[in-house]
Structure formats: structure tokens, C-alpha cells
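The chain contents come next:
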Amino acid sequence: MIDQLYRKAVLTVAERKPIEHLIRARGWGLAQRFVAGETIDGALKAVKDLSAEGILSNLDLLGEFIESPAQCDEFAQNVLNLLDAAHAQGITPYVSIKLSSVGQGKTEGGEDLGLKNARRIVGKARQYGGFVCLDMEDHPRVDQTLAQFRTLVGEFGAQHVGTVLQSYLYRTEADRNALDDLQPNLRIVKGAYLEPESVAMPDKADVDAAYRRLVYAHMNAGHYVNVATHDESIIADVKHFVLAHGVSKDAFEFQMLYGIRRDLQKQLAQEGYRVRAYIPYGRDWYAYFSRRIAERPGNAMFVLKGMLKG
Ligand code: FDA
């Protein structure tokens, strides 16, 4: 409950324009702890640096205020450019996209623009042997995202496209069961949006318990799981579970956000687990940065101290 109040307070303050102007003007140096760079080259450098430490990457082009169909197409084109650049530098591309950024919910020529652009992106990723994960957004988008995921798996195969389930939503266990026939590659997260209590569990203990159940159910079903959390107690429990149930180390991976728990990322990689960092990059870093601050009071202190230092 306190977690929820803190998160709400930070996100409300972050939405105030004067705060946004101040942080945009003075905060880039601080944001670089969580955002790999403003350009493709910066992002690909981060991929190479992490690779030298045995850590895989998942690239995420940040975007805000992408509203018109032309802006959605432009955003999709920027993701296609990223795939080309990664391939040209010998990197097998693994990217995440938000379907809203590429036009989900907008119809063009009788077709959903988000699905149309996602096809272009997943098609190109497949051409390069890569992978696209459809991030999960707030709850009104879940039905459409899962339906479009099903369509894309049908067209491109589950080796090239995956999606995300959020343990804080009451519906999620049923959603996981309903996807089983696709043998899907799923990223399990707790959930990052401010959701009403009618759809999402308000208590962290319930969200954590649901998280474990989802990971174990997906492993028991024999499908690939991306255990995306920084929660050490969950990570320890997953390690025990895989040992006890003979789940092979190539049937799952741990995923964490760039710049968060770098120590733990390295340690898990050294222990022989597959670890992937989610690397956001791009000029629109402000909203992403605010969400990371909202997750943890320690991060707000880090920003305040940095801003006071000038
Ligand atoms: P929790 O919040 O319980 O934190 C556990 C511990 O981790 C904390 O005590 C702290 O030590 C550390 N920690 C967590 N956040 C931190 C931070 N910002 N800074 C420093 N330490 C921190 N959400 C969503 O709704 N849709 C999505 O598609 C995705 N995608 C996604 C990909 C990946 C790779 C990750 C890791 C996360 C997401 N998320 C997401 C975000 C997710 O829903 C959630 O908000 C964050 O991961 C924080 O929750 P934790 O699981 O880390 O646990």
C-alpha cells in the first residue's frame, strides 16, 4: 500500500510541466544510469559492453507522444533502422516494442496500424534471426495485445515473437493458460502501471505470490520463461525450483533493466544463468526515467542529490 502511494506521488509530481522541464534540462547525466544513450550507436555500444560481461541485450527505443499515424509509421521505421544497424554490426537483434507506439488502436485501410507495423518489425527481425517482444502496457490494451500476439506467432513463429504478462492483474493466470497452445516465449513481470484495484492486486505480497505461480506454471508447461525481476527472493526461489524440477538453464533466462542491480546481473551470468538486460535508448527518456524513480525511494534520492550538486 505504501509502495502504491509512493509510486503515485512520484508519477503525479513527474507529470508537472515545470518538474519535467527542470529534469529534462539538468537530468540527462543522471538518466544515463538507466538509459543507454540517445542514439542507435550509443545503444549498440551498450550491447557490446554488456556482451563482454556475458550479458545479453534487449533493445527498446523510447517514445512519447506518438499520436498521429504518420508518427507511428516513423517510429516503426526507426525500429527497423535499429534492426538493420544491429545486423550490420554483427549483432543478432532482440528488441522490445510497445504496440501503442506503432499504432495499435488506429485503423488504416481496414487494418490495425499497430499490427501492420508490428508485422514489418517482426518480419525483419526474423530475416536477421532475431526476436521481438511485445511489451505489455496498461490494462485496457491487454486483450488486443494478446490477440495481436497470437496473430503474429501464427505468421512468424514463436521463436521470433514473444510478449509479457503482468502478475498484478487478476486475469493473468487465466491469460497464461489460454496461451499455452502457442508454446509462447513469455516475459513475466510484476507490472509497472497505476492500475485500479478492480483489475490489479493492491498488495505487494499477493503480486509476488502470483509472480512465482506464473513462472512455475510456464516452466511446468515446458515453455520458455523470461524471469524479469530484480527481486532477489524470487530469483533465489526460481533457482531452487529449476534445480528441484530439472529445468535446464537454456529453458529460461533472467531479465533486468539496464543500470539496475548490475551486481546481480553479473553474478547470475557468472553462475552460468542466461541474463538479459533491457536497454532503453532514445531522446524520449523522460517518462521511462520517471517510472524507474517511482519504483524506488533510493532512486529519488539519487536524483535529488545529483540535481543539488548541479
Ligand atoms: P520489486 O519492485 O518488488 O523490487 C524488488 C527489488 O528490486 C527492490 O527491493 C529493489 O532492490 C530492486 N529494484 C526494483 N526496481 C528498482 C529500481 N527502479 N531501481 C533500483 N532498484 C530497483 N512492466 C510492465 O508493466 N510491462 C512490461 O512490458 C515490462 N517489461 C519489463 C522488462 C524487464 C526486463 C523488467 C525487469 C521489468 C519490466 N517491467 C514491465 C517492469 C516491472 O513490471 C516492474 O515494475 C519492475 O521490474 C520492478 O519490479 P521488480 O520485479 O523488480 O520487483
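Residues numbered from 1 in each chain as written. Predicted model: local features only at pLDDT ≥ 70, side-chain atom pairs only at ≥ 80, totals over all residues. Heavy atoms only, no water.

- Looking up the chain in an unreviewed UniProt entry gives the name proline dehydrogenase, with the organism given as Deinococcus navajonensis.
- Per UniProt, the chain carries the Pathway (unreviewed entry) text "Amino-acid degradation; L-proline degradation into L-glutamate; L-glutamate from L-proline: step 1/2."
- Here is the UniProt Cofactor (unreviewed entry) comment for the chain, exactly as written: "FAD". (UniProt positions renumbered as here; feature names shortened; annotations may be inferred.)

Quick word on unusual backbone geometry
Turning to step 1, where the next piece is worked out: In the Ramachandran plot, Q183 falls in the positive-phi region, its phi being about 50 degrees despite a non-glycine side chain.
Turning to step 2, where the next piece is worked out: For Q183, the position within the fold is in the loop between α8 (172-179) and β7 (186-189).
Turning to step 3, where the next piece is worked out: On the accessibility criterion, Q183 (57% relative accessible area) is exposed. (Helix = DSSP H or I, 4+ residues; strand = E, 2+ residues; numbered from the N terminus. Buried < 20%, exposed > 50% of the residue type's maximum accessible area, 1.4 Å probe, protein only.)

Remarks on the pattern of salt bridges
Turning to step 1, where the next piece is worked out: Following the criterion strictly, the structure yields 21 salt bridges and no others.
Turning to step 2, where the next piece is worked out: One salt bridge connects K266 with E53, and the closest N-O pair in it is separated by 3.8 Å. Here K266, found in helix α11 (residues 262-270), pairs with E53, found in the loop between α4 (40-52) and β1 (56-61); they are 213 residues apart in sequence, far enough to count as distant.
Turning to step 3, where the next piece is worked out: A network of salt bridges, in which partner residues are shared, links K190, K204, D208 and D231. (Salt bridge = Lys/Arg side-chain N within 4 Å of Asp/Glu carboxyl O.)

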